[in-house]
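Chain residues, written in single-letter form:
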Amino acid sequence: MAQPRHAAAQWWRSAVIYQVYVRSFADGDGDGTGDLAGVRARLPYFAELGVDALWFTPWYVSPMKDGGYDVADYRAIDPAFGTLAEAEKLIAEAAELGIRTLVDIVPNHVSDQHPWFRAALAAGPGSPERELFHFRPGRGPHGELPPNDWPSQFAGSTEPVWTRLPDGDWYLHLFTPEQPDLNWAHPVVRQEHEDILRFWFERGVAGVRIDSAALLAKDPALPDLAGAPDPHPFVDRDELHDIYRSWRTVADDHDGVFVGEVWLPDPERFARYLRPDELQTAFNFAFLSCPWDAERLRASIDTTLAEHAPVGAPATWVLCNHDVTRTVTRYGRSDTGFDFATKAFGTPTDLALGTRRARAAALLSLALPGAVYVYQGEELGLPEADIPRARIEDPMHFRSGGTDPGRDGCRVPLPWEAGAPYAGFGSREGPWLPLPEDWASYAVDRQAQDPGSMLSLYRTAITIRPVFGGGPLTWLTAPDGVLAFARADGGVLCVVNLAETPADLPAHTQLLLASGPLDPEGRLPQDTAVWLRA
Ligand code: TEU
């Protein structure tokens, strides 16, 4: 077996982790839906890109009412994707290339087709089966009003989080009605999830991404949000830390690592999840949401490093994922930050500008101390796709009354071969979401031949990134609008110019990598980044 790229026990402190959205990565059987056969056939692609690990979004048996985040069986692979035996092979084959695997566990809710929920429906009001969920009678004279006023966790959603059954009971679902929330105060729920963790660690996975990690615990009284109860009845409750301490003991038995999906505005509350006996890492959504602005990026980087330092956890750097607007699109708009609330159809976008910035942002994030996440297609510079309305599948769109475009635009299948039907994704049938017409120009085979492509930039950057070493970041004096920093031990600098005026490069012995051409005077133009040897 090849040596893992980071042989060190704490490989995750500086890893590059590639997010695979299985349904849209590569189609092995030509039915228009990505699958494990497709991923296995493309393992050399990851090796060439140089990534340390793969995170697979949920690949379990699911009715796919929310892209697989509605899990009916956490111990089996959805037949559309393959089999458990194939997943085991995939994990082993990736390991042979020195690439680790992370799975995605969804603990907040299950599918309404999960055996527990079906049993709860059958058993009726007051039954022990219903205690695994949050069933309640309604309010109002006839129980016709939902038990409380909680808002949907799908931003922009106008739909309720309670659904009433014919027997009169209501059940809680922070997301869709097909995703009933589990009752994490119940010991059986805790035990089951620890067993699921063991199941996957025993199959060789190196880590687990925890979906909606700050939402699991609920105030048992389920109080209204009106009146601002403190603590919050379902976000970031203290009980969560006890749950994750217990998970950590399971992970430690297998050298496993966690990455929490923790969206919290308060850096101190966020860092509590990263205490030494809890999760090793969590996604840095503050950085993901930050506008393309030198001062704000610098502040975001400083806040990130300052919040992680006291708990000894490494930062993560994330520019996009399967829930948010693609990076090149976001950076090509007048509002370059990310906010679920501002997503709209028809936002004007300058893709050339966005792409230039995304190239610079790639060099920025890959130079920072910590782990970096790359979402499939980001390395190809794919833009957010406009999905014809009749083809939209994302429940976020429907639950907003059709006003929010939803998240399908960042989930379109990857173009692999410029000359093949559907750009190489699907053959007997077309891809489950249509590829925009000009996407052949983004195809992997074309970009692989082009030294100036986004793919070539990512390949080179990830390969030479270890030159930065593991040291802390030191800011260098730079003009307004320019970010310049060194990493203590490596003698390598990263400079990013976000200002209109071209910037002189600091003294250096070698230009290692540039996100775009320098100007004729050898200065760094706007929206361009370089790596320099000091
Ligand atoms: O996302 C969780 C999620 O989107 C929220 O916690 C987020 O803060 C909120 O929507 C903002 O309004 C995860 C998955 O990444 C996503 O794909 C799933 O749809 C969701 O959980 C439900 O499982």
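Residues numbered from 1 in each chain as written. Predicted model: local features only at pLDDT ≥ 70, side-chain atom pairs only at ≥ 80, totals over all residues. Heavy atoms only, no water.

Some points on the pattern of salt bridges
Side-chain pairs of opposite charge can arise whenever the charged atoms involved come near each other. Under the counting rule described, the total for this entry stands at 30 salt bridges. Across the salt bridge formed by D104 and R209, the nearest N and O atoms sit 3.0 Å from each other. One end of the pair, D104, is in strand β5 (residues 100-105); the other, R209, is in strand β9 (residues 207-210), and 105 residues separate them in sequence. Judged by relative accessible area, D104 falls into the buried class, the value being 1%. Because the salt bridges share partners, they merge into one network encompassing D66, D323, D394, R407 and R411. (Salt bridge = Lys/Arg side-chain N within 4 Å of Asp/Glu carboxyl O. Helix = DSSP H or I, 4+ residues; strand = E, 2+ residues; numbered from the N terminus. Buried < 20%, exposed > 50% of the residue type's maximum accessible area, 1.4 Å probe, protein only.)

A short note on the domain arrangement of the protein chain
Here the domain parsing of the protein chain yields domain 1 (7-108 + 188-462), domain 2 (115-172) and domain 3 (471-533). Placing the centre of domain 2 and that of domain 3 at their C-alpha centroids yields a distance of 55 Å. (Domains from an automatic or database assignment.)

Considering the pairing of β9
Residues G207 and R209 of β9 are buried on one face, and the alternating residues V208 and I210, pointing to the opposite face, are buried as well. Pairing of β5 with β9 involves 4 bridges; the strand directions are parallel. Considered in β9, the bridge of D104 is made with R209. Chirality of the crossover, the property in question, places the unit of β9, helix α6 (residues 239-252) and strand β10 (residues 257-260) among those that are right-handed. (Pairing = 2+ DSSP bridges. Right-handed = clockwise from strand over helix to strand, strands pointing away.)

Overview of the sheet that holds strand β13 (residues 371-375)
Two orientations exist for strands paired in a sheet by backbone hydrogen bonds: parallel and antiparallel. As summarised here, the arrangement of the 8 strands in space is β11-β10-β9-β5-β2-β1-β13-β12, forming an open sheet in which the pairing is parallel. Looking along the sheet, the strands with just one partner apiece sit at the ends: β11 (281-282) and β12 (316-318).

Side note on the site of the ligand
The ligand sits among 18 residues. The nearest are D66, Q153, D211, D323 and R407. A distance of 2.9 Å separates an oxygen atom of the ligand from a polar side-chain atom of H109. At 3.3 Å, a backbone N or O of A155 approaches an oxygen atom of the ligand. Alone, the ligand offers 500 Å² of accessible surface; in the complex the protein occludes 92% of this. (Near = heavy atom within 4 Å. Polar contact = N/O pair within 3.5 Å; in protein donor to acceptor, adjacent residues only side chain to side chain. Areas by Shrake-Rupley, 256 points an atom, 1.4 Å probe, with all protein chains shown as cover.)

Quick word on the layout of surface pockets
Estimated volume of the largest pocket: approximately 910 Å³. Around the largest pocket, the lining comprises 41 residues; the ones closest to its centre are E261, W263, L264, F285 and F340. Where the lining of the largest pocket is concerned, the elements lending two or more residues are α7 (267-272), α8 (285-289) and α9 (294-308). Broken down by element, the residue count for the lining of the largest pocket peaks at 4 residues, all from α9. (1 Å grid on protein atoms, 1.4 Å probe; cavity = no way out; pocket = protein on both sides within 12 Å on 5 of 7 lines; lining within 4 Å. Points joined across faces, edges and corners; volume = space filled by probe spheres on them.)

Here's the deal with the sheet that holds strand β15 (residues 482-487)
Strand order in this open sheet of 5 strands is β14-β15-β16-β18-β17, and the pairing throughout is antiparallel. The open sheet is flanked by β14 (473-475) and β17 (510-514), the only strands paired with a single partner. Taken over all neighbouring pairs, the strand axes of this sheet differ in orientation by 25° on average, direction set aside. Contacting β15, β16 (492-497), β17 and β18 (528-533), helix α11 (residues 351-367) runs over the sheet at an angle of about 40° to β18. (Axes fitted to C-alpha atoms, helices over the stretch in contact; angles between N-to-C directions. Contact = heavy atoms within 4.5 Å.)

Some remarks on the packing of helix α5 (residues 187-202) against α6
Closest axis-to-axis distance for the α5/α6 pair is 10 Å, and the angle between their directions is 30°. The angle between α5 and α6 places the two elements in the roughly parallel class. The handedness of the crossing between α5 and α6 comes out as right-handed. Contact residues: R190, H193, E194, L197, R198 and F201 in α5; D242, I243, S246, W247, V250 and A251 in α6. For the contact of α5 with α6, the per-class residue count stands at 6 nonpolar, 2 polar and 4 charged. (Parallel < 35°, antiparallel > 145°, perpendicular 65-115°, else oblique. Left-handed = near helix turned anticlockwise from the far one by under 90°. Nonpolar A, V, L, I, M, F, W, Y, C, P; charged D, E, K, R; others polar.)

Details of the side chain of S157
When you line up the elements, S157 lands in the loop between β6 (135-136) and β7 (162-164). Taking the relative accessible area as the measure of exposure, S157 reaches 17% and is therefore buried. In this structure the side chain of S157 is engaged in a polar contact, spanning 3.5 Å, whose partner is the side chain of S152. Among the polar contacts made by the side chain of S157, one reaches the main-chain amide nitrogen of E159 at a distance of 3.1 Å. Setting aside its immediate chain neighbours within four residues, S157 contacts S152, R399 and S400.

Details of the environment of A529
The topology assignment puts A529 in strand β18. Residue classification places A529 among the buried residues on the basis of a relative accessible area of 0%. Between the C-alpha atoms of A529 and R190, which are 339 residues apart in sequence, the distance is 46 Å.

Let's talk about helix α3 (residues 84-96)
Relative to the 18 Å expected for 13 residues at 1.5 Å per residue, α3 spans 19 Å between its end C-alpha atoms, a close match to the ideal helical length. Buried residues of α3: E86, A87, L90, I91 and A94, and no others. Along α3, the residues classed as buried sweep out an arc of 140° about the axis, all on the same side. Buried positions along α3 lie against α1 (36-41), α2 (43-49), β2 (53-56), β4 (73-77) and β5. Residue G98 follows α3 closely and has a positive phi angle near 80°. (Expected span 1.5 Å × (residues − 1). Arc of directions from axis to C-beta.)

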